[in-house]
Amino acid sequence: MSLRAPTAAISIDVDALRFYGAIHGLGAQDLEPDPIYTVALPRFFALLDEFGLRGTVFFIASDVERAGRHLTEGLAQTHSELASHSWSHDYRLTKRSREEIEADLRRADAALSAASPDGRVCGFRAPGYNTTPDLLEVVESLGYRYDSSLLPAPAYWGARAGAIGRYRLSGRPSASLVGDLRAFWGPRGPYRMRPEAPWRPDPQGGLVEIPMAVGAGRVPLIGTSWVLFSESVRSGLLEGALNRAEPFVFEMHAIDLIDGSDGAPPELAAAQPDLRQPASEKIAAFRALFKTLADAREVCTLAEIAERAA
């Protein structure tokens with residue numbers, strides 16, 4: 001596959017704070033209002049607007065339906081894409097029956113299509129980056145153009161497996177799943193694939209897989225790691241990644257734009273290292289990244305990258 005010009009994309013998963021409590025075995029407590037929606041999301045759209053960029057926003061459909069469509073107002077202002085992050089963000093969605101998976105994703109598609117500025121959804125990202133053939137077959141049956149669930153970073157898989165194991169031993173089991181290691185060893189750039197082996201390119205496949213960015217040594221270049229790296233490490237990894245021909249697909253989470261003072265529960269801030277970093281410092285790191293991407297590449301939505309990957 002070839003792209004007409006070097007491209008980049010900025011995507012964000014809008015996961016409410018209750019899901020992080022579940023990851024850390026703290027329980028899934030709802031916050032009203034949740035700073036993910038009242039603080040982090042407006043900060044993300046403000047950053048896009050500052051540099052005239054478009055992003056791809058993966059929404060959990062049940063939260064959009066519950067909280068109101070005002071959550072998606074920034075999409076039209078920044079000409080960004082709305083994509084599906086499922087109805088319920090069930091970390092064990094891949095363990096459900098085919099019928100349960102289909103019910104979740106179809107319900108999400110209906111709600112998000114109604115909330116989308118252009119009335120459609122064409123992309124999906126799985127909760128926790130985990131997929132199965134049943135899940136991707138449903139995504140394909142919905143007529144979606146792409147999936148962007150794979151993070152080709154085996155070290156991330158190992159770190160997550162270790163954390164899940166430690167939580168289990170401590171008697172505070174995580175809601176997260178380890179997942180299939182093969183999915184963390186796939187190609188770095190977009191490719192067509194089949195649901196039964198999404199980590200393996202297949203020119204006859206119906207879905208385009210758009211992996212998230214990794215740097216040298218397949219170090220994950222996602223929002224969580226980005227704010228934890230030093231400035232010199234960030235610069236070196238980014239320079240190397242931008243020297244590669246494939247699209248640079250930066251994935252972040254809305255939680256990356258807040259800190260403990262923005263309303264996160266203290267026990268969650270204690271368990272989530274990036275919440276202990278000042279939001280001002282994190283926003284400055286993302287501002288520098290967005291400026292570099294705006295200067296170095298054509299920044300597209302994931303739907304546009306999928307369309308070009310032909």
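Quick caveat, the model's predicted, so the values are computed rather than measured.

So, how was this worked out
- Residues numbered from 1 in each chain as written.
- Predicted model: local features only at pLDDT ≥ 70, side-chain atom pairs only at ≥ 80, totals over all residues.
- Heavy atoms only, no water.
- 1 Å grid on protein atoms, 1.4 Å probe; cavity = no way out; pocket = protein on both sides within 12 Å on 5 of 7 lines; lining within 4 Å.
- Points joined across faces, edges and corners; volume = space filled by probe spheres on them.
- Helix = DSSP H or I, 4+ residues; strand = E, 2+ residues; numbered from the N terminus.
- Nonpolar A, V, L, I, M, F, W, Y, C, P; charged D, E, K, R; others polar.
- Buried < 20%, exposed > 50% of the residue type's maximum accessible area, 1.4 Å probe, protein only.
- Contact = heavy atoms within 4.5 Å.
- Axes fitted to C-alpha atoms, helices over the stretch in contact; angles between N-to-C directions.
- Left-handed = near helix turned anticlockwise from the far one by under 90°.
- Salt bridge = Lys/Arg side-chain N within 4 Å of Asp/Glu carboxyl O.

Caption draft 1: Molecular detail of the layout of surface pockets. Quantified by volume, the largest pocket comes out at close to 800 Å³. Breaking the lining of the largest pocket down by element, the ones donating at least two residues are helix H1 (17-23), helix H7 (154-169) and helix H8 (223-228). Each residue belonging to the lining of the largest pocket can be placed in one class, and the counts come to 16 nonpolar, 10 polar and five charged.

Caption draft 2: Examining the environment of Ile23 more closely. When you line up the elements, Ile23 lands in helix H1. Taking relative accessible area as the criterion, Ile23 reaches 22% and is therefore assigned partly exposed. Along the backbone, Ile23 and Leu207 are 184 residues apart, and their C-alpha atoms lie at a distance of 29 Å. Leaving out residues up to four positions away in the same chain, Ile23 has contacts with Tyr91, Tyr167, Ser174 and Ala175.

Caption draft 3: How the structure looks around the packing of helix H2 (residues 35-51) against helix H11 (residues 279-296). At a minimum axis separation of 10 Å, H2 and H11 run at an interaxial angle of 35°. For the pair H2 and H11, the sense of crossing is right-handed. Packed against H2, whose contacting residues are Arg43, Phe44, Leu47, Leu48, Glu50 and Phe51, the element H11 presents Ala279, Ile283, Phe286, Arg287, Phe290 and Lys291 at the interface. Tallied by class, the residues present in the contact of H2 with H11 amount to eight nonpolar, no polar and four charged.

Caption draft 4: Structural view of the pattern of salt bridges. The tally for this structure, following the rule as stated, stands at 17 salt bridges. The shortest N-O distance in the salt bridge between Asp63 and Arg66 comes to 3.2 Å. Taken as a pair, Asp63 and Arg66 lie in helix H3 (residues 61-67) at a separation of three residues, close to a single helical turn. Under the relative-accessibility criterion, Asp63 is labelled buried at 2%. Looking at Arg66, the relative accessible area reads 49%, which means it is partly exposed. Glu307 is the partner of Arg145 in a salt bridge, and the nearest nitrogen-oxygen pair spans 3.9 Å. Here Glu307 lies in helix H12 (residues 302-308) and Arg145 lies in the loop between helix H6 (133-141) and strand E5 (146-147), a separation of 162 residues in the sequence. Judged by its relative accessible area of 30%, Arg145 is partly exposed. The network of salt bridges with common partners includes Arg18, Asp63 and Arg66.

Everything listed here is a matter of coordinates, which is why it stays silent on function.
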